[in-house]
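What follows is the residue order along each chain.
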Number of protein chains: 2
Amino acid sequence: MLDSETKATETPEDHADELRLWLRLLTCTTLIEGEVRGRLRERFDVTLPRFDLMAQLDKAPDGMTLSDVSKRMMVSNGNVTGLVERLVESGHLDRRTSETDRRVQVIRLTKLGRAEFRRMASEHETWIADLFADLTPKDVRELMRLLAKTKASAQKSAARRRP
Amino acid sequence: MLDSETKATETPEDHADELRLWLRLLTCTTLIEGEVRGRLRERFDVTLPRFDLMAQLDKAPDGMTLSDVSKRMMVSNGNVTGLVERLVESGHLDRRTSETDRRVQVIRLTKLGRAEFRRMASEHETWIADLFADLTPKDVRELMRLLAKTKASAQKSAARRRP
DNA sequence: CCAAATTGTTTTAAGCCTAAAATGTTTTCC
DNA sequence: GGAAAACATTTTAGGCTTAAAACAATTTGG
């Protein structure tokens, strides 16, 4: 009796460590995100979601569909609709209906959009480097590895719930 | 010539690794946060910010001021005002003006609020455990350590900007 | 004591975000 | 071919979030 299997099913497990880990992960992200948001606003008067959307498009010279963007950014479709609307309005994005599938909207950075993004991205990269400055290259590698494992674990758990 | 010091100041540094690390950190957090948000809504029809606020208050039986809450949750003051308004409205929170300082609002969980939070928190803990299930205890310890280092580094960088 | 600075909160204006329902388009498959 | 399913996007309703300004109360320093 009281073998590990019995124990596992009958004793309420202690998950305090995982909870603390989650809170710490959230704290780090919130801290860095807030810092980046503030610097983007101060230096370039741009919001973080706008910057993130432009970053996605900068990596896709041939443009992306709204669905692609919403999957990559992990936000809802409706969210992207509004974000794109404002960025088209300000002249940073070009949007056109696909020739082959009239459901699909393809968006691209305009010349202005690309130029502004490149300017911001270069500075953004130095901010990130500064925020992580106390981590050694080994720390960075190790964090990358552990976060990859975390991501896989969370995706598996999400798939279990919603197969 | 071309000694490491010269190189460090004249060559544009490569910060691609830190950038990738930041994106991965953000992905993990977004993934888990979205999962938790969805489960809270499905199971308890409650939003994540409401849950987070109640979690803070559960740890403070004597109540907290709005400022305390906003610092702990790392959100703006105005944000807390609205959140608290809705939670008072729904009977989960009790709010009163401090006797000794009439600027200060002290909020507490009501009996209902505490009961509902405990019920949700217990299930929430198992979700988190499941989301991190593939991490070994050693992984968890190592992540805790590296994230602590990350937090300290980011705080230092933030303090450099805004002393 | 009292003006000035500080502190705690709310208000304002704008934008972000989600889930769910609605709309229009294409694909599937009988 | 045509109904049904699937897909891409938009709309809707409501809540979250921020920065900045406004307001109220307390503390500080002459």
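Predicted model, so just to flag it, every value in this text is computed and none were measured. All residue numbers refer to position in the chain's written sequence, counted from 1. The order in which chains are written sets their letters, starting at A; the order in which ligands are written sets their numbers, starting at 1. Local features in this predicted model are restricted to residues of pLDDT 70 or higher, and side-chain atom pairs are both shown and tallied only at a pLDDT of 80 or more, whereas totals for entire chains, interfaces and linings draw on every residue. To get the side-chain values, all heavy atoms of the structure are used, and hydrogens and water are removed first.

Observations regarding the domain arrangement of chain A
Those domain boundaries reflect an automatic or database domain assignment. Under the domain assignment used here, chain A contains domain 1 (47–128) and domain 2 (133–163). Its C-alpha centre places domain 1 of chain A at a distance of 26 Å from the equivalent point of domain 2 of chain A.

Re the sheet that holds strand β3 (residues 105–109) of chain B
All names here are of chain B. What makes two strands pair is DSSP finding at least two bridges between them. Secondary structure elements follow DSSP: runs of H or I of four or more residues count as helices, runs of E of two or more count as strands, with numbering from the N terminus. The three strands are arranged β1-β3-β2 in an open sheet whose pairing can be described as antiparallel. Of all strands in the sheet, those bounded by a partner on one side alone are β1 (64–65) and β2 (93–97). Relative to β3, β2 runs antiparallel, the two sharing five bridges. Bridge pairing links T97 to Q105 in β3. The contact definition used throughout considers only heavy atoms, calling two residues in contact when any of these lie within 4.5 Å. Axis definition: a line fit to C-alpha positions, over the contact stretch in the case of helices; interaxial angles, taken between N-to-C directions, run 0 to 180 degrees. Along the sheet, helix α5 (residues 77–89) makes contact with β2 and β3, crossing β2 at roughly 115°.

Structural notes on the packing of helix α6 (residues 111–131) of chain A against helix α2 (residues 16–44) of chain B
Between α6 of chain A and α2 of chain B, the least distance of the axes is 9 Å, while the angle of their chain directions is 80°. What the angle tells us is that α6 of chain A and α2 of chain B run roughly perpendicular. Counting all contacts with α6 of chain A, which are made through H124, E125, I128 and A129 of chain A, the residues of α2 of chain B involved are A16, E18, L19 and W22 of chain B. Each residue gets one label: Ala, Val, Leu, Ile, Met, Phe, Trp, Tyr, Cys and Pro are nonpolar, Asp, Glu, Lys and Arg are charged, and the others, such as Gly, are polar. Considering only residue class, the contact of α6 of chain A with α2 of chain B consists of five nonpolar, one polar and two charged. Here the word oblique covers every angle except those under 35 degrees (roughly parallel), over 145 (roughly antiparallel) and from 65 to 115 (roughly perpendicular).

Let's talk about the protein's contact with DNA strand D
Being near a molecule or strand, for a residue, means having at least one of its heavy atoms within 4 Å of it. Around DNA strand D, a shell composed of 24 residues is seen, among which S67, N77 and R95 of chain A together with S76 and R86 of chain B lie nearest. Considering the 4 Å shell around the protein, atoms of DNA strand D inside it are sugar or phosphate in 80% of instances. Within the side chain of T81 of chain A, one N or O atom sits 2.8 Å away from a phosphate oxygen of DNA strand D. Two N or O atoms form a polar contact when they lie within 3.5 Å of each other; inside protein one atom must be a possible hydrogen donor and the other a possible acceptor, and for residues adjacent in sequence the pair counts only when both atoms belong to side chains. Between R86 of chain B and DNA strand D, the recorded distance is 2.3 Å, taken from a side-chain N or O atom to a phosphate oxygen. Sort the elements by how many residues they give to the surface near DNA strand D and α5 of chain B lands first, with four residues.

Describing helix α4 (residues 66–73) of chain B
All names here are of chain B. Only protein chains enter the area calculation, which uses a 1.4 Å probe; residues under 20% of their type maximum are buried, those over 50% are exposed, and those in between are partly exposed. For α4, the full list of buried residues reads L66, V69, S70 and M73. Relative to the axis of α4, the buried residues are bounded by an arc of 95° and lie together on one face. Seen from the open side of α4, the exposed residues pointing more than 90 degrees away from its buried face are K71 and R72. The inward-facing, buried residues of α4 contact α3 (48–58), β1, α5, β2 and β3. One or two residues past the end of α4 sits M74, with phi positive at roughly 55°. Here the arc refers to the set of directions running from the helix axis out to each C-beta atom.

Concerning the sheet that holds strand β3 (residues 105–109) of chain A
All names here are of chain A. Ordered by their spatial adjacency, three strands build an open sheet running β1-β3-β2, and the pairing between neighbours is antiparallel. The strands lining the two open edges of the sheet, one partner per strand, are β1 (64–65) and β2 (93–97). Judged from the two bridges that link them, β1 and β3 form a sheet pairing that is antiparallel. Bridge pairing in β3 places T65 opposite V106. The strands touched by helix α3 (residues 48–58) are β1, β2 and β3; relative to β3, the strand with the most contacts, the crossing angle is about 95°.

A closer look at the protein's contact with DNA strand C
Of all residues adjacent to DNA strand C, which total 24 residues, the nearest are S76 and R86 of chain A together with S67, N77 and R95 of chain B. The sugar-phosphate portion of DNA strand C accounts for 79% of its atoms within 4 Å of the protein, the bases making up the rest. At a separation of 3.2 Å, a phosphate oxygen of DNA strand C approaches a polar side-chain atom of R50 of chain A. Counting only elements with at least two residues in the surface near DNA strand C, the list comes to α3 and α5 (77–89) of chain A together with α4 and α5 of chain B. For the surface near DNA strand C, the residue count by class is six nonpolar, ten polar and eight charged.

Considering the interface of chain B and chain A
Listed by partner, the interface residues are 57 residues for chain B and 56 residues for chain A. Simply put, the buried area is the total loss of 1.4 Å probe accessible area from both parts when two parts are fitted together. With both sides pooled, the region where chain B packs onto chain A buries about 6000 Å², and carbon together with sulfur makes up 70% of that total. Here a salt bridge means any side-chain nitrogen of Lys or Arg lying within 4 Å of a carboxyl oxygen belonging to Asp or Glu. Scanning the region where chain B abuts chain A turns up twelve salt bridges. Its salt-bridge partner being D139 of chain B, residue K149 of chain A comes within 2.5 Å of it at the nearest N-O pair.

Points about the relation of the copies chain B and chain A
The two chain copies are related to each other by a rotation about an axis together with a translation along it. Least-squares superposition of the copies uses the C-alpha atoms of those residues scoring a pLDDT of at least 70 in each of them. The two copies are related by a screw motion: chain B maps onto chain A through a turn of 180° and a shift of 0.0 Å along the axis, at an RMSD of 0.0 Å. Taken together, the rotation and translation describe the operation of a two-fold axis. When the interface residues of chain B are mapped onto chain A, 98% of them again fall at the interface, so both copies present the same face.

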